[in-house]
Amino acid sequence: MVSALGTSALMYSCKSDNKQGAQSSESNFEVECDRFADLQVLRYQITGFDELTAQQKELAYYLYEAANCGRDMIYDQKYKHNLTIRRTLEAIFNSYTGEKSGDEWSKFETYAKRVWFSNGVHHHYSNLKFVPECSTTYFESLVKGSDATQLPLDGKTVDVFLAEVKPIIFDPKIGAKSVDLASGIDNVKASANNFYEGVTQAEVESYYASKMKKDDTQPISWGLNSKMVKENGVLAEKVWKSGGMYGPAIDKIVFWLKKAVNVAENDNQKKALSLLVEFYKTGDLKKWDEYNIAWVADVDSRIDVVNGFIEVYGDAIGKRASYESVVSMKDMEATKRIAAIAKEAQWFEDHAPIMAEHKKKEVKGITAKVITVIQEAGDAAPSTPIGINLPNANWIRQQHGSKSVSLGNIVHSYNIVAAKSPMLKEFAENEGQIKRAQEFGALAGDLHTDMHEVIGHASGQINKGVGDPDQTLKNYASTLEEARADLVALYYVLDPKLVEMGIMPSLDCGKAEYDSYIMNGLITQLTRLNIGENLEEAHMRNRQLNAKWAYEMGKKDNVIEFLQRDGKTYVKVNDYEKLRVLFGELLKEIQRVKSEGDYKAATALVEGYGVKVDQELLKEVKERFTKLNVAPYKGFIQPRLVPVMEGEKITDVKVEYPTNFTENMLRLGKEYSTLPNKN
Ligand code: ZN
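Below, the discussion takes up the sheet that holds strand β3 (residues 39-43). Taken in spatial order, the three strands line up as β2-β3-β14 in an open sheet, and their pairing is mixed. What marks the edges here is a single partner per strand, and that holds for β2 (32-36) and β14 (633-637). Along the sheet, successive strands turn relative to each other by an average axial angle of 25°, direction set aside. With four bridges connecting them, β2 and β3 associate as antiparallel partners. Counterpart to F36 in the pairing with β3 is L39. Helix-sheet contacts for helix α16 (residues 408-418) involve β2, β3 and β14, and the interaxial angle to β14 is about 125°.

Here it is in structure tokens:
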């Protein structure tokens, strides 16, 4: 599971960000580098890379290569035409002989950048298809003026190719939504992603229902690594493995992972990486579980990696996982804060406001650390999470524990940009909120993320006989899981325990988090929507669910208040203690829903509080936001690792920081083109 950046984090100054001492010495580093549509592209630094030993650098380099070799998979997973489209755009950039300037060109360029940012033609957050603003005739002239040998023609003439590709690019109704979570429809059929073909949701669900055994204490994550198709009327899985679907990309990943095995830091890491190789070669999901268990046990390595089919947000029914990789090194200093929380995990579980029978008697092996990201790829790039808690299989988490990480250098880059942002001034209700946010915002955000990952996702237990709650709660599972983790963080961020532990200076820090969460959940996250839209993405749904439920339930005591001033809407927390109690009550209920697999209650909660948006308010918020000219979404250019060779041997690895997003994307497209256009 991942924590995404809320718009709240846009507002934090880095004044109280005291954990990044090492980075302040490199303050000349330019973080902001491109801005288009609703997006901004940033850069991050791999602070401390030079502290690594030559062997650790070599290991990081191999994992970096492995990460990027899977890049084509995420494009294909999101939409079966994405690779063809991306390669058409690349061919134009690389070979078009006409004038690359003017209004039409710049519209085309914006479109291309959006495709690269979203790994395809659907918005990375709203999942809606976007189309170029340049004319189709202009696009045609670009294609015809480009080198035909570079176009993904697959044997077709340019005219036939254009006839096929134009509607796919320009018609917003074709493949309108990559993930459609709307209720009362066939979510599988309505979603344009490439996880299913010719099958209905009911068919998929009954296929997997027959595979699941009640009371299985080690259930397989069925469907995680395959596409489901119908062949001669029979359902079949096309498995992503060596020799299977995506085989060419996976073979390259395996090639680099094997090199990584040879320079692993210790036996635990060696074992984990070897199992990952086995999994990729066989596609065997039992091997995937074995790999995850070994990966959780690898706690001592400085270098770590997430690589595989990880998150299921891209599948409307949460079975199939998107490819991603995050290569990282441990930030030794910053890890002390998160480790302190992990150490007290049992205390937090014991004191949680959930029902006794839903508490873990023994909270196992939560390893928490702050990492410095070295490379992100697949679904984790250019848009990135700020926290990750894995593995996702509930039984492994319960029986073997999980690893929880906070992406320190990414958050640091966000904070630098946020310090300059006018968001807080526009949307905060009073000066006190602003001052508190400036003083505590960054730390409050860090504490929230830490607790969300370490004691949030890791808490609670499922009733016997319920099986996998993700299967039972279906399209609401992700939203409720994120809501649950947020609520654990919110409940404890106002607990004196954190002050006693020495990781929070005062409860004002917790109040800053409440201000920001409520403001974000009820108002500022709406800046990410278009007029007419409701909430779709799991993290956004969860934030509104938590904030709105608390608002409604606290109405009689005026716990949270909406105010109007000069035609502008503000929101204000009047009673922090009561709000904390409400967060606790909602946590108790959502834990019950998850523990019992109560789909009816899940529907009522998410549809009742987490989906619908007041369109009048949305209109107002958008108007205020547009005037600020702040990009609602951010992503990153990845650093480039360059090995220093002596003969066959890598003796050192240098880091380069590209500054041009387009050039960077074109280079990745060229160097890591691992799959055919159609898979
Ligand atoms: Zn989460």
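This next bit is on the environment of K403. Along the polypeptide, K403 turns up in strand β11 (residues 402-407). Placed 14 residues apart in sequence, K403 and N389 show a C-alpha to C-alpha distance of 5.7 Å. Setting aside chain neighbours within four positions, we find K403 in contact with W295, V296, D298, D304, T367, I388, N389 and L390. Among the polar contacts made by the side chain of K403, one reaches the main-chain carbonyl oxygen of W295 at a distance of 2.9 Å.

This paragraph deals with the nonpolar core. If you look at the biggest cluster of nonpolar residues, it comprises 211 residues, and the most contacted ones within it are F108, Y280 and L480. When residues in this core are grouped by element, the largest group, 10 residues, is from helix α20 (residues 477-493). Setting aside chain neighbours within four positions, we find Y280 in contact with K241, S242, I250, I253, V254, L257, N307, G308, F309 and Y323.

Here we come to the pairing of strand β16 (residues 649-656). When a strand is regular, its side chains alternate between the sheet's two faces. Relative to β16, strand β15 (residues 640-646) runs antiparallel, the two being bridged by seven bridges. Paired with L641 across the two strands is V655, which belongs to β16. A loop of two residues connects β15 with β16, the two strands running antiparallel in sequence, and G647 in this loop sits at a positive phi of about 65°.

On to the sheet that holds strand β5 (residues 226-231). With mixed pairing, the three strands of this open sheet are ordered in space as β4-β5-β6. One side of each edge strand has no neighbouring strand; the edge strands of this open sheet are β4 (196-197) and β6 (234-239). Across two bridges, β4 lies against β5 in parallel orientation. Counted as the bridge partner of Y196 is M228 from β5.

Tallied over the entire structure, the rule returns 43 salt bridges. For R87, the salt bridge is made with D72, and the minimal N-O distance between the two is 2.8 Å. Here R87, found in helix α4 (residues 82-95), pairs with D72, found in helix α3 (residues 71-78); they are 15 residues apart in sequence, far enough to count as distant. Accessibility classification places R87 together with D72 in one group, the buried group. Its salt-bridge partner being K227, residue E197 comes within 2.7 Å of it at the nearest N-O pair. Taken together, the residues E197 in strand β4 and K227 in strand β5 connect sequence positions 30 residues apart. Assessed through its relative accessible area of 33%, E197 is described here as partly exposed. One network of salt bridges, with partners in common, ties together D50, K57, D652 and K654.

Calculation notes
Residues numbered from 1 in each chain as written. Predicted model: local features only at pLDDT ≥ 70, side-chain atom pairs only at ≥ 80, totals over all residues. Heavy atoms only, no water. Pairing = 2+ DSSP bridges. Helix = DSSP H or I, 4+ residues; strand = E, 2+ residues; numbered from the N terminus. Axes fitted to C-alpha atoms, helices over the stretch in contact; angles between N-to-C directions. Contact = heavy atoms within 4.5 Å. Polar contact = N/O pair within 3.5 Å; in protein donor to acceptor, adjacent residues only side chain to side chain. Core = buried A, V, L, I, M, F, W, Y, C linked by side-chain atoms within 4.5 Å. Buried < 20%, exposed > 50% of the residue type's maximum accessible area, 1.4 Å probe, protein only. Salt bridge = Lys/Arg side-chain N within 4 Å of Asp/Glu carboxyl O.

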